[in-house]
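Single-letter residue listing:
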Amino acid sequence: MCTPINEALLRHFTDLRDGTHGRAVTREDKERLFVRAVELLDPMAHRALDEANADLLLGTGEVVASGVTRSREGGLNAMWSLTWPEQRESGVQPIAVVAHYGRDFHHPHLRGNTVGDWPLNVFDEADAAGQLDTLRVIAAGDAHNLVFQESYRLMPAATAPARHPAP
């Protein structure tokens, strides 16, 4: 049995092989699938960012979802952002999960503000749930890269008094 991450990759490779996205061939049909994928991913993206908020930001953050928007270039985007006071004060980007379908792309992808692309092949609730670990890794990668850009002081959990004794 394949892991959800490898299943997503196999769907991606099959799309590339067959020139489709799911069963869609036209841009219009692929855009409809993208809009549905964003709806299906919404609870998973909120969950991954809510977990980062609880663990890293000690509940000081806020998750905001953009919904599907059209880019200036003609593609489609959706973003779930996790912002918090230290991030806003420092001027760095929020932790984010971004779904994007570029105008000239064969099919959509997921990424963060600071981490690269992952195939977005979500067609039902099971596919969306299977991407939770990917969304967690995207959020964690963004958190890591933002600390690297700025400082560990961005993360309230890193500056708060220790909750557990060191091992």
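Residues numbered from 1 in each chain as written. Predicted model: local features only at pLDDT ≥ 70, side-chain atom pairs only at ≥ 80, totals over all residues. Heavy atoms only, no water.

A closer look at the overall build of the chain
- Secondary structure summary: the chain contains six helices and six strands in total.
- Overall, the chain shows an N-to-C arrangement of helices and strands of α-α-β-β-β-α-β-β-β-α-α-α.
- Seen along its three principal axes, the alpha-carbon backbone of the chain occupies a region of about 55 × 40 × 25 Å.
- Across the chain, the fraction of contacts at a sequence separation of at least 24, relative to all contacts at a separation of at least 6, is 59%.
- On the chain, roughly 9,100 Å² of surface is accessible, and the fraction owed to carbon and sulfur atoms is 55%.
- Considering the chain, the positive charge centre built from 16 side chains and the negative charge centre built from 23 side chains are found 3 Å apart. (Helix = DSSP H or I, 4+ residues; strand = E, 2+ residues; numbered from the N terminus. Contact = heavy atoms within 4.5 Å. Areas by Shrake-Rupley, 256 points an atom, 1.4 Å probe, with all protein chains shown as cover. Lys, Arg positive; Asp, Glu negative; His and termini not counted. Charge placed at Lys NZ, Arg CZ, Asp CG, Glu CD.)

Brief notes about the side chain of S151
- As for its position among the elements, S151 is in the loop between α5 (132-149) and α6 (156-159).
- Note on S151: relative accessible area 17%, which makes it buried.
- In terms of polar contacts, S151 uses its side chain to reach the backbone amide nitrogen of R153, at 3.0 Å. (Buried < 20%, exposed > 50% of the residue type's maximum accessible area, 1.4 Å probe, protein only. Polar contact = N/O pair within 3.5 Å; in protein donor to acceptor, adjacent residues only side chain to side chain.)

With respect to the nonpolar core
- W80 and I95 are the most contacted members of the largest nonpolar core, which has 34 residues in total.
- Broken down by secondary-structure element, the contributors of at least two residues to this core are α2 (27-56), β3 (76-83), β4 (95-101) and α5.
- In terms of residue count, α2 provides more of this core than any other element does, ten residues in total.
- Those residues in contact with I95 that sit more than four places away from it in its chain are L49, W80, S81, L82, W84, A139, D142, A143, L146 and M155. (Core = buried A, V, L, I, M, F, W, Y, C linked by side-chain atoms within 4.5 Å.)

Describing the packing of α2 against α5
- Where α2 contacts α5, the two axes come as close as 9 Å, and the packing angle between them is 45 degrees. By the angle between their axes, α2 is oblique relative to α5. In this structure, the crossing between α2 and α5 has a hand that is right-handed. Contacts between α2 and α5 involve L41, M44, A45, R47, A48, L49, E51 and L56 on the former and, on the latter, L132, L135, R136, A139 and A143. (Axes fitted to C-alpha atoms, helices over the stretch in contact; angles between N-to-C directions. Parallel < 35°, antiparallel > 145°, perpendicular 65-115°, else oblique. Left-handed = near helix turned anticlockwise from the far one by under 90°.)

As for the side chain of H100
- Looking at the element boundaries, H100 is found in strand β4.
- For H100, a relative accessible area of 8% gives the class buried.
- Polar contacts involving the side chain of H100 include one to the side chain of D117, which spans 2.7 Å.
- Sequence-distant contacts of H100, defined by excluding residues within four places in its chain, comprise F34, L76, N77, F105, P108, H109, R111 and D117.

Structural notes on the packing of aromatic side chains
- Evaluated as defined, the whole model comprises one aromatic pair.
- The ring centre of Y101 lies 3.6 Å from the NZ or CZ of R27, which sits over that ring. (Phe/Tyr/Trp six-rings, centres within 6.5 Å; stacked < 30°, edge-to-face > 60°. Lys NZ or Arg CZ within 6 Å of the ring centre and 35° of its normal.)

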